[in-house]
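# Structural overview
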2 protein chains.
Amino acid sequence: METVSTTRSHGGVQGVYRHASTSTGTQMVFSVFTPPQAADGVKCPVIWYLSGLTCTHANATEKGEFRRWAAELGLIIICPDTSPRGEGVADDAAWDLGQGAGFYVDATEAPWAPHFRMWSYVTEELPALVAEHFPVDLERQGITGHSMGGHGALTVALRHPDRFKSISAFAPIVAPSQVPWGQKAFPAYLGSNKAFWRQHDAVALIEDGAWVAELLVDQGTADGFLENQLRPHLLAEACTKAGIRLTLRMQEGYDHSYYFISSFMEDHLRWHAARL
Amino acid sequence: METVSTTRSHGGVQGVYRHASTSTGTQMVFSVFTPPQAADGVKCPVIWYLSGLTCTHANATEKGEFRRWAAELGLIIICPDTSPRGEGVADDAAWDLGQGAGFYVDATEAPWAPHFRMWSYVTEELPALVAEHFPVDLERQGITGHSMGGHGALTVALRHPDRFKSISAFAPIVAPSQVPWGQKAFPAYLGSNKAFWRQHDAVALIEDGAWVAELLVDQGTADGFLENQLRPHLLAEACTKAGIRLTLRMQEGYDHSYYFISSFMEDHLRWHAARL
């Protein structure tokens, strides 16, 4: 693992790191904020932040406004990239498929299968790497994310219910199998067998028996993707049936941008910290 | 004035606006955050944030992390651009001269004089425009800025001591006449007569009798420009002699980036709010 940069911020250190990923077969970059509480190697709880379409680690790192709260609450914040990248890695001209659009799955289909293994990357490889190099308390992990990354956070948590003590999302894709983004990406990455899609669809996972105690979701009412791609009511219905305590906050007038995310970052990190 | 975008954030509105500037003879873009307290047209105090070399209005707007505190404290935050831009506007291949590097002066020299009139723009034209379109309480104005924008904030405030009730800066250029950045830009924009330079040099202005009651300055000790370009001790010496109460905080390990600015934004806005 190579250190790209470390920068003092809010009493802690905002780092950016690069490593050769065995999952994706590419160089992968991610960011880690270590709060002042971790300065002497004291283990701190960790929050995974999974980003949305088109993003790298950098978007949330620069615009998520999480450091103030992570520093106060003693949280390590990890922002992975959203896909493999670079020459020799398959891509698509569209912004919602290929590089920047990994959808947190292990692709089985050509041309994506060789490198697009973001599920293995964020659930296995990166956690092991982070545990080796940073003072993370693995008994105290939370996960969150935005849009496609909210989808990632929900599916990763629903399939690892014992790993995460706290789960939230900002404007997540809750049922990719039922919306255009997923109906484009899933056949491309996973093929036509919808049984495989259900493993990466939060609503389907809950319908199929996955269970966690509670979720926090914020969703802007002025989000241009709300009706067509996000449809949080589908998550609400599934949670009601499954007895999952969902706190779904419809935030009046907020859109899909980092101005929305940063507005509620404090609430989310306090929610996580209270449970970690 | 044209609205480029308005986005809900932290209970207020982050707007971006464009207008044809009579000062610069170009289209100019600036951002305004209006806090929730201003929602019904209630007049709020205003903080001017002047940005540094290479920046537009967007850098601080996206990475300054000011909205959380402005929303709490009821402050309107205005971020102007740092120079005129566009075709037909003089430029230089270097990043510290020309577009993105206006230094908050009215240029008198070719080829800069026709458009590089950022002093008139930020001290006269933009305040009048803002007063016309936003609920600003002109009796309660503060000013701050970063690097070249810290230089702008200090010089604008020292020459308008009755206009600003609070003045701060992040890693400001305090004595441009004595450092390479200023010794390159000032002859280009203002010519060789150093009497004109002194009108745009905070330390020189204080030596020549300009006075304000107090200043807050934060400066990172790991800032790569500290020794060569910023030299805050020159400001400290001038303030001591002039009886200006300078709070100069050397922040251990911080660099020149927005990670530094955002770390201390809360302190600065609380400082301003307490005086407005």
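Residues numbered from 1 in each chain as written. Chains lettered and ligands numbered in written order. Predicted model: local features only at pLDDT ≥ 70, side-chain atom pairs only at ≥ 80, totals over all residues. Heavy atoms only, no water.

Chain A is annotated in an unreviewed UniProt entry as S-formylglutathione hydrolase from Niveispirillum lacus. UniProt, in its Function (unreviewed entry) section for chain A, records the words "Serine hydrolase involved in the detoxification of formaldehyde." (UniProt positions renumbered as here; feature names shortened; annotations may be inferred.)

Residue and element names in this part refer to chain A. The sites that carry the UniProt feature "active site" (unreviewed entry) are, in the present numbering, S147, D223 and H256. Despite a sequence span of 110 residues, these residues sit close together in the fold, their greatest C-alpha distance being 10.8 Å. Structurally, S147 is set in the loop between β6 (136-145) and α4 (148-159). Here S147 is in contact with G52, F170, A171, P172, I173, W181, L230 and H256, once residues within four sequence places are set aside. Secondary-structure assignment places D223 in the loop between β8 (214-220) and α8 (226-230). The residues contacting D223, other than those within four sequence positions of it, are A171, L230, Y254, D255 and H256. At 3.1 Å, the side chain of D223 and the side chain of Q219 are in polar contact. (Helix = DSSP H or I, 4+ residues; strand = E, 2+ residues; numbered from the N terminus. Contact = heavy atoms within 4.5 Å. Polar contact = N/O pair within 3.5 Å; in protein donor to acceptor, adjacent residues only side chain to side chain.)

The next point concerns helix α5 (residues 180-190) of chain A. Residue and element names in this part refer to chain A. What α5 keeps buried is the set W181, G182, A185, F186, A188, Y189 and L190. Looking at the buried side of α5, the elements it contacts are α4, α6 (194-198) and α8. Looking at the residues trailing α5, positive phi occurs at G191, about 85°. (Buried < 20%, exposed > 50% of the residue type's maximum accessible area, 1.4 Å probe, protein only.)

To continue, consider the packing of aromatic side chains. Residues and elements named next belong to chain A. Taken as a whole and assessed by the stated rule, the structure comprises 33 aromatic pairs over all chains. Seen in terms of ring centroids, Y254 and F260 are 6.3 Å apart; in terms of plane orientation they differ by 55°. Their pairing is tilted. On the accessibility criterion, F260 (0% relative accessible area) is buried. An aromatic cluster of three or more residues is present, and its members are Y49, F170, Y254, F260 and F264. (Phe/Tyr/Trp six-rings, centres within 6.5 Å; stacked < 30°, edge-to-face > 60°.)

What follows covers empty space enclosed by the protein. One pass over the structure, following the stated rule, counts four cavities of 30 Å³ or more. One number sums up the size of the largest cavity: a volume of about 110 Å³. Taken together, 14 residues form the lining of the largest cavity, with R68(A), W69(A), E65(B), R68(B) and W69(B) sitting closest to its centre. Of all the secondary structure elements, the ones that give two or more residues to the lining of the largest cavity are α2 (67-73) and α10 (258-275) of chain A together with α2 (67-73) and α10 (258-275) of chain B. Tallied by class, the residues present in the lining of the largest cavity amount to two nonpolar, six polar and six charged. (1 Å grid on protein atoms, 1.4 Å probe; cavity = no way out; pocket = protein on both sides within 12 Å on 5 of 7 lines; lining within 4 Å. Points joined across faces, edges and corners; volume = space filled by probe spheres on them. Nonpolar A, V, L, I, M, F, W, Y, C, P; charged D, E, K, R; others polar.)

Glancing now at the sheet that holds strand β8 (residues 214-220) of chain B. Residues and elements named next belong to chain B. Strand order in the open sheet made by the nine strands is β1-β2-β3-β5-β4-β6-β7-β8-β9, with mixed pairing throughout. Whereas interior strands pair on both sides, the edge strands pair on one side only; in this sheet they are β1 (2-9) and β9 (245-251). Mean inter-strand twist for the sheet, computed between neighbouring axes without regard to direction, equals 20°. Direction of pairing for β1 relative to strand β2 (residues 12-20): antiparallel, over a ladder of seven bridges. (Pairing = 2+ DSSP bridges. Axes fitted to C-alpha atoms, helices over the stretch in contact; angles between N-to-C directions.)

In this section: helix α3 (residues 118-133) of chain B. Taken as a whole, α3(B) carries its principal kink of about 35° at L126(B); the proline P127(B) stands between one and four residues after it. The inward-facing, buried residues of α3(B) abut β2, β3 (27-34), β4 (44-50), β5 (76-80), β6 (136-145) and α4 (148-159) of chain B. (Bend = angle between axes of the 7 residues up to and from the residue.)

So, on to the environment of C44(B). Residue and element names in this part refer to chain B. As for its position among the elements, C44 is in strand β4. Take C44: its relative accessible area is 3%, and that puts it in the buried class. Sequence separation between C44 and E109 is 65 residues, and the spatial gap between their C-alpha atoms is 39 Å. If sequence neighbours within four positions are ignored, C44 has contacts with P35, Q37, A38, G74, I76, P135, V136, D137 and R140.

Below, the discussion takes up the confidence of the model for chain A. Detailed reading of the predicted coordinates is not advisable wherever pLDDT falls low. In this model, chain A carries a mean pLDDT of 98, and residues with pLDDT of at least 70 account for 100%. For this predicted complex, the interface score ipTM comes out at 0.94, while the overall pTM is 0.96. (pLDDT = per-residue confidence, 0-100.)

Contacts between the two partners involve 22 residues from chain B, matched on the other side by 22 residues from chain A. Between chain B and chain A lies a buried interface of about 2,000 Å² when both sides are counted; carbon and sulfur atoms form 49% of it. Interface area lost by chain B to chain A is led by R8(B), E65(B) and Y259(B), which between them contribute 34%. Among the salt bridges present, the one from R68(B) reaches E266(A), with a minimum N-O distance of 2.7 Å. At the junction of chain B and chain A, the tally comes to 16 residue pairs in polar contact (both at pLDDT 80 or more). (Buried area = accessible area lost by both parts, 1.4 Å probe. Salt bridge = Lys/Arg side-chain N within 4 Å of Asp/Glu carboxyl O.)

A separate point is the sheet that holds β8(A). All names here are of chain A. One open sheet accounts for nine strands, arranged β1-β2-β3-β5-β4-β6-β7-β8-β9; its pairing is mixed. Edge positions in the open sheet fall to β1 (2-9) and β9 (245-251), since each of these has one partner strand only. Looking at each pair of strands side by side, their axes are set apart by 20° on average, direction ignored. Note: strand β4 (residues 44-50) against β6, six bridges, orientation parallel. Pairing of W48 across the sheet is with I143, part of β6. Helix α3 (residues 118-133) rests against β2 (12-20), β3 (27-34), β4, β5 (76-79) and β6 of the sheet, and its axis sits at about 55° to β3. Of the strands in this sheet, β4, β5, β6, β7 (166-170), β8 and β9 are in contact with α10, which crosses β7 at around 170°.

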